[in-house]
Structures are given as structure tokens and as C-alpha cells.
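If you want the building blocks of each chain, they are given just below.
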Amino acid sequence: MSNDKVHLGHTARKRFGQNFLHDHYVIDNIVAAIAPSDDAIMVEIGPGLGALTEPVASQIQHLHVVELDRDLAERLRHHPLLSSKLSIHEADAMKFDFSSLRTDARPLRVFGNLPYNISTPLMFHLFEQSAGIRDMHFMLQKEVVDRLAAGPNSKAYGRLSVMAQYYCQVIPVLHVGPGAFKPAPKVDSAVVRLVPHQVLPYPATRIEDLHRVCMEAFNQRRKTIRNSMRNFISEDALTALDIDPNLRPENLTLQQFVTIANWLSAQGQG
Ligand SMILES: C[S@@+](CC[C@H](N)C(=O)[O-])C[C@H]1O[C@@H](n2cnc3c(N)ncnc32)[C@H](O)[C@@H]1O
């Protein structure tokens, strides 16, 4: 085993997606982007060995952390500087009810250097609870940030772009190379800021229908939507919605996806 896997006396566990930040310049930039504040309930996902936890906690009164690794949660409980400021939730963030942390009128602010193996489903889990969240800052694979932020007519545009932008404004913040982590991941990383819309710009009648339309369209992204959507909407119905059936899914805007999903919901066949 290479020494790269041992950081501050802890052996990184691959199954928990553990790549610990150790570059102080990068850490400072991330904390500056987060701009910790006491006017919200701050929550970190995957505090690990505390690379972000320590500098964030030093700027605020209290911080919730959600950590799945029992050993790391235990270390944090005994951390000389942090333990008095932290509420440690030893739990799986994928199943965690973040809204349960809202014990007063303040919104949540969520951040984390996410385990890359679960980052996409975890974001979907958070999008569903986004009404009570002011903002989220996540370290992700750069490719995922590119997909989150992509607009129509680009290669990176897909289901993740449409669903993320349905719920949030997406702002890429910082590019981070592999050397900032121990062990170093094989891919480039980036920090993204996600700001949930106060009022959804294009509300879907049934969110399941929007999921379905995106899924069916992007599963066959080289086909025209006339073909990839023929299971649930006819060419004539698309034309009646003022959407060209010859387009491919990557040409459709979020608004057009929602228009199709809402048409589907209105048919009562979603
Ligand atoms: C990429 S590491 C980041 C650690 C630390 N924040 C840092 O930046 O150095 C991901 C962290 O998430 C934790 N983790 C992995 N899966 C998790 C899950 N399902 N729920 C909560 N935490 C998880 C890992 O144990 C690890 O501490």
C-alpha cells in the first residue's frame, strides 16, 4: 500500500470515496467561496479529517456534520478544537433527512468535498429538499461540474444539467487539480455553488414526469425527439406545443422539457 493512502494517521477507505484535501491554498479558496455565516444552519457532508471543518468552524458558532465512517466520526468527537462546536451525525448522507436540522427559521447552507462515487444521487437527494436550503458548495469531479452547468447544444448537456437547473442556479467556482488531495484522485475536480431557486422558474406538475421525459430523451441522445419520445408523445402533439420534433434532446431548453412533462401530466398517463 502506498503511503499516499495514509493521511494524519488514517488509512483512506476507497469504498467511502475518501480523498482528503491537504493543500492549504485550495482549502482557503474553498472556505472563502463558502463564506461561512451564522445567519444560516451550516451543514458539512463528509467532514473526514476536518480539512474544511476546522477553518469553517473557526468562523461560526456551530456546525452540523454528517459522516458515515465510524472511525472518522469518533475522531471528530474527540477533536480538541472542534468537538464543542459540532453536532456529529454518524449517518449515510444519502438517507439523511436534512430538513430535520431546521430547528429555527434559518435556512440550511450545505457544503462538502463529496465522495465522488455517490455525488450524483446525493445531489438529487438534496434537490428534493432544496426548498429549505439557501446554497450548497460541493467539490465534485470536474466533469460532473461541467455537466451541471452545461447549457443546450453542448456535449455536456444532459439529464443532470436539466434537473440541476430545474432546482438551482449553477455557478462553477474553482478548478482543483489531483495534487490537492491525498490520495490523489485520477480525475480533475472542481467546486460548484448551487443556489436553489426561491421560486421555480418552470415548475413541473409532476416531477416524476420531468424525470421520465429527461431519462427517455437522453438515453437515446442521438435520436430526434420524434423517435426517442414516441412512447409517450406524438409528433403532432410536439408540434402543437411549438417544439420541433426534429430536434435532439441536447437542443431542448429546460423550459421545453418542462412543457413536454406538463403535457404528459395533463394526459393523466404519467
Ligand atoms: C472526499 S472525502 C472528503 C473528506 C474531507 N472533507 C476533506 O475534504 O478532506 C469524503 C468524505 O465523505 C465521507 N462519506 C462517504 N460516504 C458518505 C456517506 N454516504 N454519507 C456521509 N459521509 C460519507 C467519507 O468517509 C469522507 O470523510
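Everything quoted here is computed from the prediction, not taken from an experiment.

1. Remarks on unusual backbone geometry
Next up, step 1: Across the junction of Lys182 and Pro183, the peptide omega takes the value -15 degrees, indicating a cis bond.
Next up, step 2: Position of Pro183 relative to the elements: it lies in the loop between strand E10 (181-182) and strand E11 (189-196).
Next up, step 3: Phi is positive for Ala35, close to 50 degrees, though the residue is something other than glycine.
Next up, step 4: Position of Ala35 relative to the elements: it lies in the loop between helix H1 (24-34) and strand E4 (41-45).

2. Description of the pattern of salt bridges
Next up, step 1: Applying the stated criterion to the full structure yields 14 salt bridges.
Next up, step 2: With a shortest N-O distance of 2.9 Å, Asp135 and Arg109 are connected by a salt bridge. Residue Asp135 is located in strand E8 (residues 133-141), and its partner Arg109 is located in strand E7 (residues 108-113); the two are separated by 26 residues in the primary sequence. Neither Asp135 nor Arg109 differs from the other in exposure class; each is buried.
Next up, step 3: Across the salt bridge formed by Glu250 and Arg221, the nearest N and O atoms sit 3.1 Å from each other. Taken together, the residues span a long stretch of sequence, with Glu250 in the loop between helix H9 (235-240) and helix H10 (254-266) and Arg221 in the loop between helix H7 (207-219) and helix H8 (225-228) at a distance of 29 residues.
Next up, step 4: On the basis of relative accessibility, which here comes to 24%, the residue Glu250 falls in the partly exposed class.
Next up, step 5: Through salt bridges with shared partners, a single ionic network connects Arg70, Glu74, Arg77 and Glu90.

3. With respect to the site of the ligand
Next up, step 1: Among the 23 residues in the neighbourhood of the ligand, the closest are listed as Leu21, Gly46, Glu67, Asp92 and Asn113.
Next up, step 2: Gly48 is positioned such that a nitrogen or oxygen atom in its backbone is 3.3 Å from an oxygen atom of the ligand.
Next up, step 3: At a separation of 3.4 Å, a nitrogen atom of the ligand approaches a polar backbone atom of Leu68.
Next up, step 4: Here the ligand has 590 Å² of accessible area as a free molecule, and 98% of this is covered by the chains.
Next up, step 5: At the level of secondary structure, the elements contributing two or more residues to the shell around the ligand comprise strand E3 (20-21) and strand E5 (63-67).
Next up, step 6: Split by residue class, the shell around the ligand holds 13 nonpolar, six polar and four charged.

Each value, and the rule that gives it
- Residues numbered from 1 in each chain as written.
- Predicted model: local features only at pLDDT ≥ 70, side-chain atom pairs only at ≥ 80, totals over all residues.
- Heavy atoms only, no water.
- Helix = DSSP H or I, 4+ residues; strand = E, 2+ residues; numbered from the N terminus.
- Salt bridge = Lys/Arg side-chain N within 4 Å of Asp/Glu carboxyl O.
- Buried < 20%, exposed > 50% of the residue type's maximum accessible area, 1.4 Å probe, protein only.
- Near = heavy atom within 4 Å.
- Polar contact = N/O pair within 3.5 Å; in protein donor to acceptor, adjacent residues only side chain to side chain.
- Areas by Shrake-Rupley, 256 points an atom, 1.4 Å probe, with all protein chains shown as cover.
- Nonpolar A, V, L, I, M, F, W, Y, C, P; charged D, E, K, R; others polar.

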